[in-house]
Amino acid sequence: MNPFDAFVRNLDPATGKSVHDASATKTQQRIDTLSAVFPDPESARSAAARTRQYVLDHLKPLVLSLEEQCHKNGIVVHWARDAKEARSVILGLCRQSCRPGAVIVKAKSMATEEIHLNHALADAGYDVVETDLGEFVVQLDHDTPSHIVTPIIHKNRYQVARLFEENNIGTYTEKPEELTSQARRHLRTQFRRAEVGISGVNFAVAETGRLVLVENEGNSRLSTTAPRVHIAVMGIEKVLPSEADLPLFLRLLAGSATGQRATVYTHFIHGPRKPEALDGPDEVHLVILDNGRLDALAGPYRDILRCIRCGACLNVCPVYRQGSGHAYGHVYSGPLGAVLAPALEGVGLAAIAKASSLCGACEEVCPVKIPIPELLLHLRDQGVREKTIVDPIPWSGFVAVATRAYLWRTSLQAVPMAKLVPNPWSRHRHMPRRDGRDFRRWFRERA
Amino acid sequence: MMKVRLMLTCLCDAFYGEVGIATVKVLEHVGCQVHFDARQTCCGQPPFNAGDWKAAKQVAERCRSLFEGNDPVVTPSASCAAMVREGFKMLGVEPEVPVFELCQFLRNVAHVERWQALPNQRRVAFHRSCHGRMLGLGSTQEDLLRLVGNLEILPLNETEQCCGFGGAFSVTHGNTSKGIGQQKLSQIVASGATEVVGGDMGCLMHLQGLAERLGVPLQFSHVASVLGDAL
Amino acid sequence: MNARESMLSRLPKPSQDPPPEPFQLPSGDLSRVQLWSQFHTRFSDLGGTIVTWQTLAGLSDRNWIVEPGLDVGQGGMHVDCDVWNASVGVTRADLAVAETGSLLLNQWPFSRRMASLAPPIHVAVINESSIVPTLDAAIERLERTNAVLVTGPSRTADIEGVLVRGVHGPGELWLIVERD
Ligand code: SF4
């Protein structure tokens, strides 16, 4: 059995239920919001797809413009080819700013998950603290996020409560409000002590060098405002051409991700504090990350780089709902992850593309219209050609039968006999029965 | 009289002959002359979805050449129609075959606007198959069924959710497939229906096998059979 | 080659196509009163409250942090303290957005970003004329400063999807609308 299906089989029912219920709710909220916000959501998605495609086709001038504008605004730009380089750039910046032992607060960011930053910082002696409630729980539990937007979709309140109790965050309570305020109290002391704040970036505007971050809790604002140094990490593809593109993307992201018209905080970062300002970081750094993106850009899966990480495809995906993000074995999960992981890291990971019934619900909800099922099919093809996907039974036998009419008819006669032997179908279901007349005979005889 | 060519599909060939028969009856009722080429086998979707495109292409090429020509090809399966329309393109199997899913043909080509009533009242849930998405079917199949008297289509939640069949996926990812199917069955049961109607025998075969294994008392019928029963 | 050059060298040469026209929602032709009424609906649905200066008088015993240059008057309730210990933060808001019920806060010289963020209650003060219909209009008016668009009180639904207000940012968002 493949690891995905084995994971699904072993998943405890409570987790399965948490994931399913939350995903189904988010899916409905998405539909309700987008249809209330846009007179024609379809045209909004098409426009967003066009803009993101334009970005991929013009990445070079856009990124150069971003760099230049950031520079003007006082944001220091760094480049990193891979995870290792990104970690060392960030670690270097931290070392310049504070001594080991210092607190570094982190706002939720998939890019930093992707480069496994926390371990590197912790190994260097820093006290790294995830501040998004979900990410905080994940960190405390030595777990990993199971969803790119809602990291603890796989956990329920009892699990969180026990975890907080064990870690002296607060006394056991089953009230989400109280659990939240326990985390708030604990994390506020961390924010006050923090010397560096690290975040991701949702959109970076090439025209003006503005970094846009969205969030609901306020931890991202605190992480990028309270400490003396702010380091933002972004995948190189996260650029948008102009400020005028922002409203569409902000609406689509908030609507698709969490069913909101706008996230609670949309943070427009223009640069470090001006001399007369009373607060804000003295330094803002932007780390532009490749880590497989430029390979993906040049390859057959480049469309996946249009992604704005809304998570709608995860929420709607029946396969994701069965397994949670953990079943995918990668930071990026769900339909998005099944394409992005191999697109970034190579066709060695193509087998994950098999974890899909190809139902196409993902493409239907994707705000930038990424043809995910088609990309999954291409990945399967490449995986088979390059032998990173090996089917237990080769298809050559099937071809031999399906290209010869007489063999085909004889084999069909034998199909119902399959029920006599145990087979993977009948492990979960009754075998189909021949129902009524045989079509071929009927057609022959009526003629 | 319009000449159409029937693409039977492997499932109707192997198990569900009555669906093929009903399809012929329905097509003849709307004035078509139905041709069936007995040399037909499979469209190549199983190896295509599995990623063995070399194998898929051989089967698809044969299928395409068998259905060469301009007369519409009609098939009681959105899945096979999507393979022939979209999958062939991806495989580079050309030129195009003028293929239609049965309801799509009835509505958009034969312009069916009314239908007979069923002899007895039936209350059903309609399962949209996912391949209908790729064909842009939308509500075509339900719209057609709404023309049938004595047929009540009960509202079903989460219609965008797959049944979990997915062809070979149902055996390579059996536990996942089963889990998804169970969700679908529970939505169907919640709708109050005792019968499920769908346009793809793949979905129905999987759901039926699962319902029988789990002891959920439900009937499963193909759209063609429902339309045929009303004639 | 350093990282920058090697990454840039791998980016393909772009075509000359012009960028697609930015998508805009029709802004409609609502009057100012209608815009405020739409704002009010959205703002209160999100959990925001429209208050008056009198409401604030009831909080005169709390620790306040007030954005410099903002006159809170009302005799002696202005207690400037460490922002982390403040219960109430008062700031200006530059724009209200009817479409989303949001407030745009620009960071002007001498403004204090933390005042709208750290205290559990954030009170924003806005001019009645400072309302725009859509996000498009609000973003058009972004200045070359840091800014934040605040849409309701801080919230999370991380635990079982249950909505909880006041995670790290203020759990209470109050708005005072002043006649120009
Ligand atoms: S692939 Fe599309 S739906 Fe999925 S996360 Fe990315 S943008 Fe959202």
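Residues numbered from 1 in each chain as written. Chains lettered and ligands numbered in written order. Predicted model: local features only at pLDDT ≥ 70, side-chain atom pairs only at ≥ 80, totals over all residues. Heavy atoms only, no water.

Novice: A description of the overall build of chain C should follow, citing residues and the corresponding values.
Specialist: In terms of regular secondary structure, chain C is built from four helices and eleven strands. Scaling as 2.2 N^0.38, a compact globule of 180 residues should have a C-alpha radius of gyration of about 16 Å, whereas chain C reaches 20 Å, well beyond that. Relative to its 180 residues, chain C shows a buried fraction of 55%. When the accessible surface of chain C is totalled, it reaches about 7,800 Å², and 49% of it is carbon and sulfur. In chain C, the 14 positive side-chain charges and the 21 negative ones have mean positions that sit 5 Å from each other. (Helix = DSSP H or I, 4+ residues; strand = E, 2+ residues; numbered from the N terminus. Rg over C-alpha atoms; globule rule 2.2 N^0.38 Å. Buried < 20%, exposed > 50% of the residue type's maximum accessible area, 1.4 Å probe, protein only. Areas by Shrake-Rupley, 256 points an atom, 1.4 Å probe, with all protein chains shown as cover. Lys, Arg positive; Asp, Glu negative; His and termini not counted. Charge placed at Lys NZ, Arg CZ, Asp CG, Glu CD.)

Novice: Quick one: what's the story with the interface of chain A and chain B, residue by residue and with numbers?
Specialist: Taken together, the contacts link 61 residues of chain A with 63 residues of chain B. Taken together, the links from chain A to chain B amount to 31 residue pairs in polar contact (both at pLDDT 80 or more). If one sorts the elements of the side of chain A that touches chain B by residue count, helix α18 (residues 372-385) of chain A sits on top with six residues. Split by residue class, the side of chain A that touches chain B holds 28 nonpolar, 13 polar and 20 charged. (Contact = heavy atoms within 4.5 Å. Polar contact = N/O pair within 3.5 Å; in protein donor to acceptor, adjacent residues only side chain to side chain. Nonpolar A, V, L, I, M, F, W, Y, C, P; charged D, E, K, R; others polar.)

Novice: Pulling in residues and values, what's your account of the sheet that holds strand β7 (residues 195-198) of chain B?
Specialist: All names here are of chain B. With respect to topology, four strands assemble into an open sheet ordered β6-β5-β7-β8, the strand pairing being parallel. At either margin of the open sheet sits one strand with a lone partner, and together these are β6 (149-154) and β8 (219-222). With strand direction ignored, the average angle separating the axes of adjacent strands in the sheet is 40°. The sheet contact formed by β7 and β8 spans four bridges and is parallel. (Pairing = 2+ DSSP bridges. Axes fitted to C-alpha atoms, helices over the stretch in contact; angles between N-to-C directions.)

Novice: Tell me about the site of the ligand, and name the residues and values.
Specialist: Cys-307, Ile-308, Arg-309, Cys-310, Gly-311, Cys-313, Cys-366, Pro-367, Val-368, Ile-370 and Ile-372 of chain A make up every residue found near the ligand. The residue makeup of the shell around the ligand, split by class, is nine nonpolar, one polar and one charged. (Near = heavy atom within 4 Å.)

Novice: Could you give me a rundown of the environment of Arg-321 of chain A, with the residues and numbers involved?
Specialist: Along the chain, Arg-321 of chain A turns up in helix α15 (residues 318-323). Assessed through its relative accessible area of 4%, Arg-321 of chain A is described here as buried. Sequence separation between Arg-321 of chain A and Gly-16 of chain A is 305 residues; the distance between their C-alpha atoms is 7.3 Å. Apart from the residues lying within four places of it in its own chain, the contact partners of Arg-321 of chain A are Gly-16, Val-19, His-20, Ser-23, Ala-24, Thr-27, Asn-315 and Val-316 of chain A together with Glu-158, Glu-160 and Gln-161 of chain B.

Novice: Before we move on, could you go through the nonpolar core and cite the residues and values that matter?
Specialist: Ranked by size, the top nonpolar core spans 139 residues in total, and within it Phe-268, Leu-286 and Ile-288 of chain A carry the most contacts. Residue contributions to this core peak at eight residues, all from helix α5 (residues 78-91) of chain B. Among the nonpolar cores identified, the runner-up in size contains 71 residues, and Trp-408 of chain A together with Phe-100, Ala-193 and Leu-227 of chain B belong to it. (Core = buried A, V, L, I, M, F, W, Y, C linked by side-chain atoms within 4.5 Å.)

Novice: Report on the pairing of strand β2 (residues 103-106) of chain A, specifying residues and quantitative values.
Specialist: Residues and elements named next belong to chain A. A two-sided burial pattern is seen for β2, the buried positions comprising Val-103 and Val-105 on one face and Ile-104 and Lys-106 on the other. Sheet analysis places β2 next to strand β3 (residues 127-130), joined by four bridges and oriented parallel. The partner of Lys-106 across the bridge, within β3, is Glu-130. Of the pairings in the sheet, the one linking β2 to strand β4 (residues 196-199) comprises three bridges and is parallel in character. For Ile-104, the partnering residue across the bridge sits in β4 and is Val-196.

Novice: How would you summarise the side chain of Asn-216 of chain A if you had to cite specific residues and measurements?
Specialist: Following the sequence through the fold, Asn-216 of chain A ends up in the loop between β6 (210-215) and α11 (219-225). Taking the relative accessible area as the measure of exposure, Asn-216 of chain A reaches 17% and is therefore buried. In this structure the side chain of Asn-216 of chain A is engaged in a polar contact, spanning 2.8 Å, whose partner is the backbone nitrogen of Val-264 of chain A. Apart from residues lying up to four places away in sequence, Asn-216 of chain A is in contact with Thr-258, Gln-260, Thr-263, Val-264 and Tyr-265 of chain A together with Ser-154 and Arg-155 of chain C.

Novice: Now, about the sheet that holds strand β1 (residues 48-51) of chain C: what can you tell me, with residues and values included?
Specialist: Residues and elements named next belong to chain C. With respect to topology, five strands assemble into an open sheet ordered β1-β11-β6-β3-β2, the strand pairing being parallel. Each of the sheet's edge strands pairs with one partner strand only, and the pair in question is β1 and β2 (64-66). Across the sheet, the axes of successive neighbouring strands diverge by a mean angle of 25°, strand direction being ignored. Strand direction decides the pairing type here: β2 and strand β3 (residues 88-92), joined by three bridges, are parallel. Bridge pairing links Trp-64 to Val-88 in β3. Those strands touched by helix α2 (residues 32-45) are β1, β6 (121-127) and β11 (172-178), and its axis lies near 130° from that of β1.

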